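Structural overview for review
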Amino acid sequence: MTTSLPPTGKFPAEPSQLEREELDAVYLELRRSYRGLMVSRGQFRGRAERSQAAMQQLETRLREIAAREASVRQEAYEMLEIVTHVIGELEDAGDNLVNEFGAYQMGRRSMQGAGFIGRLIKSVIRFINRWTSTKQQLEVMVEKQQTMQAALQEGTDGTDR
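Residues numbered from 1 in each chain as written. Predicted model: local features only at pLDDT ≥ 70, side-chain atom pairs only at ≥ 80, totals over all residues. Heavy atoms only, no water.

1. Here's the deal with the overall build of the chain
Scanning the chain for helices and strands turns up two helices and zero strands. Among the 161 residues that make up the chain, the fraction classed as buried is 14%. Only carbon and sulfur atoms are counted for the fraction: they give 57% of the accessible area of the chain, which is about 13000 Å². (Helix = DSSP H or I, 4+ residues; strand = E, 2+ residues; numbered from the N terminus. Buried < 20%, exposed > 50% of the residue type's maximum accessible area, 1.4 Å probe, protein only. Areas by Shrake-Rupley, 256 points an atom, 1.4 Å probe, with all protein chains shown as cover.)

2. Remarks on the pattern of salt bridges
For the coordinates displayed, the defined rule picks out four salt bridges. Note that Glu-59 and Arg-63 form a salt bridge whose closest N and O atoms lie 2.8 Å from each other. Of this pair, Glu-59 and Arg-63 are both found in helix α1 (residues 20-109), four residues apart, which corresponds to roughly one turn of the helix. Judged by its relative accessible area of 40%, Glu-59 falls in the partly exposed class. (Salt bridge = Lys/Arg side-chain N within 4 Å of Asp/Glu carboxyl O.)

3. What to know about the nonpolar core
Val-72, Met-79, Ile-82, Val-86, Met-141 and Met-148 together form the largest nonpolar core, which totals six residues. Broken down by secondary-structure element, the contributors of at least two residues to this core are α1 and α2 (113-155). No other element matches α1, which puts four residues into this core. (Core = buried A, V, L, I, M, F, W, Y, C linked by side-chain atoms within 4.5 Å.)

4. Describing a nonpolar patch on the surface
A surface patch of nonpolar side chains, about 290 Å² in accessible area, is lined by Tyr-34, Leu-37 and Met-38. Structurally, Tyr-34 can be placed in helix α1. (Patch = residues over 30% accessible without salt bridge, like charges linked within 9 Å, V, L, I, M, F, W, Y side chains within 5 Å.)

5. Quick word on the packing of aromatic side chains
For the structure on display, the rule yields one aromatic pair. Relative to Trp-131, the ring of Phe-127 has its centre 6.4 Å away and its plane inclined at 15°; by these criteria the two rings are stacked. Of this pair, Phe-127 and Trp-131 both sit in helix α2, four residues apart, which is roughly one turn of the helix. (Phe/Tyr/Trp six-rings, centres within 6.5 Å; stacked < 30°, edge-to-face > 60°.)

6. Observations regarding the side chain of Ser-123
With respect to the helices and strands, Ser-123 occurs in helix α2. Given the relative accessible area of 1%, Ser-123 is considered buried. A polar atom in the side chain of Ser-123 sits 3.4 Å from the backbone oxygen of Asn-96. Every residue in contact with Ser-123, bar those within four places of it in the chain, is listed here: Asn-96, Leu-97 and Glu-100. (Polar contact = N/O pair within 3.5 Å; in protein donor to acceptor, adjacent residues only side chain to side chain. Contact = heavy atoms within 4.5 Å.)

7. Brief notes about the side chain of Glu-29
With respect to the element layout, Glu-29 can be found in helix α1. Note on Glu-29: relative accessible area 19%, which makes it buried. Polar side-chain contacts of Glu-29 include one of 2.8 Å to the side chain of Arg-32. With sequence-adjacent residues up to four places away left out, Glu-29 is seen in contact with Pro-6, Lys-10 and Phe-11.

Put into structure tokens, the structure is as follows:
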């Protein structure tokens, strides 16, 4: 409900020149205008307070989303570190296995295969050990991935994104 206030020119500049009835009418008009002004001010203040509360609520939600995204990002970096480590381990183990097998192949031609077979078997054992440890790290990574997915699903109700 908007009420328009009368312009100041509507009211006499010198009230002493007014008759009593006219003075009473001007006073009542001023009172009505003041009352309308106070109602408008109250409505404006209520809207401003509701807007401020909505902004605070929005800020809180944005901070929660940012915190959740930061934790997910941190977990993603940790997973990337595990994957990089696993790939490096497998690459080293594979290179070692290939090198020892090549040495065995060369030694077999010269009838010196026994020493090379021992190193080849040790290389296979190292590969198996690394393979087992990387599988354990993979399990940790899969658990982290499931935790991240669960956290994302709990944190979103379809309205955040």
